[in-house]
Each structure stands twice: as structure tokens, then as C-alpha cells.
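Coordinate inspection notes
Here are the chains, one letter per residue:
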Amino acid sequence: MFQLNDVKYKNIINTKQLTIPADAITAVTGPSGSGKSTLLRLLNYLVTPESGTISYQGKPFSEWEPVELRRQVMMLPQQPVLFGETVAENLQAGRLFSGREEASEEKLTAAAQQCMLDKKLSEPAENLSGGEQQRLSLARLLLAAPDVYLLDEPTSALDEDMEWNVMERFLAEARRSAKGVIFISHATAMADHFADRIVHSNSFTGGEV
Ligand SMILES: Nc1ncnc2c1ncn2[C@@H]1O[C@H](COP(=O)(O)OP(=O)(O)OP(=O)(O)O)[C@@H](O)[C@H]1O
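Residues numbered from 1 in each chain as written. Predicted model: local features only at pLDDT ≥ 70, side-chain atom pairs only at ≥ 80, totals over all residues. Heavy atoms only, no water.

An unreviewed UniProt entry annotates the protein as Putative ABC transport system ATP-binding protein of Marinococcus luteus. What UniProt records for the protein under Subcellular location (unreviewed entry) is the sentence "Cell membrane". (UniProt positions renumbered as here; feature names shortened; annotations may be inferred.)

Here you go:
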């Protein structure tokens, strides 16, 4: 569980108390510019609040080694990032991030298929479209297998059908392996359908200024 107490960050987040489960599927919704990405960056210890405390599993972030926290809680940013030249290298990077042994080609292919990426492992990743790179990034994250996935609009470059299919498959795998997911979604219908809990950005500024 993530717990935010009296957290203040610029004029974006100002919340007395906000609790987000780490073992369920939570959607973060709200208008553009309302601080959804900022919340995920705070939960990933990429930015630090000006005041207040954030805890994960009962331990304040100040007591976590940032690298150790980010092995357990991994974030997928809005823009896909490539790590390596080929599809295989990009998938294998997930294993390196989490300090795991290299995965077999079968495992890499299975993760790609889970995210509906149908590309040869030897294909140069830079040839992939934006939507394919998003699916590659999701597959890399599945291979990293952290305890909690933080996903910032992970399927924004996909058409609606593909978006629903990819989320369905990714979240099914997360549930099967008992992982937590906190995903930002611009589509309320998708949040309603997939999430156990919805956090609206209007809860980011409930605290006294
Ligand atoms: N480090 C920063 N310093 C100052 N302002 C920032 C910083 N980071 C983000 N902002 C501003 O805070 C607001 C919230 O940004 P954020 O990216 O968290 O919103 P969002 O809800 O994720 O938006 P979108 O749905 O468009 O991605 C925006 O107005 C943004 O310009």
C-alpha cells in the first residue's frame, strides 16, 4: 500500500491523506494537467514532496534505498523509451533492470505476445511504430516483473480496440501473478471496466493550502 500524508508538491499535489493499494488494479483519472503523471513520479521516488511523507508497505520513502524501491515499483513513462537495438535486447533490458537472469527466447516471445506485439526478436526496435514501441515497453515491464506497475497512459498510441485488448491481456497477467497496477487512463470507460479502484485527480488537492 502507498500512503501519502500531508503531501505537498508545487501547486500540483496537496493532499492530507491518500491511500492507494499496491496489490490491486487502480486507475488514476482526471483532466489533462491535473497532476496524474506527477502522482506516479512521486510514487516512483523520481520527485520528492516539499513536505509530508509517502510510505510504501509501511516504510517511509526516506528509509527506502531509491534503487531498491524502483526494483519493486516500476514506472512506464508516457513516451516509450528504447533500451538496445533489437526487439530482443529491449525485452531483455527488463530482466537487467530487475536484476534477474536473462530470459529465454521463448519467454521473450511469450511476453511480446501477451502484449500483442508480433515482431521478430531480431527486428531493429527503432523501426517499430509508436504503438508497437508502447507494446514493447509493456512486454519489457512484464519481464521485469516488479511488485507494482505504474503505467502512464500505456496504450495512448493504440486504436481503441487494440487498447482494450492490450490492457485486458496485460492486466490479466498482472492479476495472475498477484501484482499491483496503478494506471493513468484518459478513458473513463476503461477505468470503470478494468480497475478495482478509481482515484480521481480531484483528490490530489483536498488538503488545506
Ligand atoms: N516539475 C514541475 N514543475 C512545475 N510544474 C510542473 C512540473 N511537473 C509538472 N508540472 C505542471 O503540473 C501540472 C500537472 O502535470 P502532470 O503531467 O502531472 O498532469 P497530467 O494530469 O498527467 O496531465 P496529462 O493528462 O496531460 O498527461 C501541469 O500543469 C504541468 O505543467
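Here we take up the nonpolar core. Within the largest apolar cluster, 38 residues are counted, with the highest numbers of intra-cluster contacts made by Leu 91, Tyr 149, Leu 151, Phe 170, Leu 171, Val 181 and Phe 183. It is helix H5 (residues 130-144) that contributes the most residues to this core, seven residues altogether. Not counting chain neighbours up to four residues away, the residues in contact with Tyr 149 comprise Met 74, Leu 141, Leu 142, Phe 170, Ala 174, Lys 179, Gly 180, Val 181 and Ile 182. Val 28, Ile 54, Phe 61 and Ile 182 belong to the second largest nonpolar core, which has 28 residues in total. (Core = buried A, V, L, I, M, F, W, Y, C linked by side-chain atoms within 4.5 Å. Buried < 20%, exposed > 50% of the residue type's maximum accessible area, 1.4 Å probe, protein only. Helix = DSSP H or I, 4+ residues; strand = E, 2+ residues; numbered from the N terminus. Contact = heavy atoms within 4.5 Å.)

Let's shift gears to the side chain of Arg 135. Within the secondary structure, Arg 135 sits in helix H5. One buried charged residue, Arg 135, remains without a salt bridge, the closest side chain of opposite sign being Glu 132 at 4.7 Å. The contacts of Arg 135, once residues within four sequence positions are left out, are Cys 115, Met 116, Leu 117, Leu 158, Met 162 and Val 166. (Lys, Arg positive; Asp, Glu negative; His and termini not counted. Salt bridge = Lys/Arg side-chain N within 4 Å of Asp/Glu carboxyl O.)

A few words now on the environment of Ala 111. Residue placement: Ala 111 occurs in helix H4 (residues 105-114). For the pair formed by Ala 111 and Phe 183, sequence separation is 72 residues and the distance between their alpha carbons is 19 Å. Once residues lying within four places of it in the same chain are set aside, the contact partners of Ala 111 are Ala 139, Leu 142 and Leu 143.

The next subject is the environment of Phe 2. Relative to the helices and strands, Phe 2 is located in strand S1 (residues 2-9). Overall, Phe 2 belongs to the buried group, its relative accessible area being 0%. Note: C-alpha distance between Phe 2 and Gly 58 (56 residues apart in sequence) is 7.8 Å. Those residues in contact with Phe 2 that sit more than four places away from it in its chain are Leu 18, Thr 19, Ile 20, Ala 22, Leu 43, Ser 55, Tyr 56, Phe 61, Val 73, Val 148 and Ile 182.

This part takes up the packing of aromatic side chains. Summed over all chains, the structure comprises six aromatic pairs. Here the aromatic rings of Tyr 149 and Phe 170 are separated by 5.1 Å at their centres, their planes lie at 70°, and the arrangement is edge-to-face. In this pair, Tyr 149 sits in strand S7 (residues 148-152) while Phe 170 sits in helix H6 (residues 160-176), placing the two residues 21 residues apart along the sequence. Taken as a pair, Tyr 149 and Phe 170 share a single burial class, namely buried. Through pairs of rings, three or more aromatic residues link up here, namely Phe 2, Tyr 56 and Trp 64. Positioned over the ring face of Trp 64 is Lys 59, at 4.3 Å from the centre of the ring. (Phe/Tyr/Trp six-rings, centres within 6.5 Å; stacked < 30°, edge-to-face > 60°. Lys NZ or Arg CZ within 6 Å of the ring centre and 35° of its normal.)

Quick look at the sheet that holds strand S5 (residues 59-60) now. Either a parallel or an antiparallel arrangement is found when strands of a sheet pair, and the pairing is made through backbone hydrogen bonds. Spatial ordering of the open sheet is given by S2-S1-S4-S5, a layout of four strands whose pairing is antiparallel. At either end of the open sheet lies a strand with only one pairing partner, and these are strand S2 (13-20) and S5. The pairing of S1 with S2 spans seven bridges and is classified as antiparallel. Pairing of Gln 3 across the sheet is with Thr 19, part of S2. Against the sheet, helix H1 (residues 36-43) engages S1, S2 and strand S4 (51-56), with an angle of about 65° to S2. (Pairing = 2+ DSSP bridges. Axes fitted to C-alpha atoms, helices over the stretch in contact; angles between N-to-C directions.)

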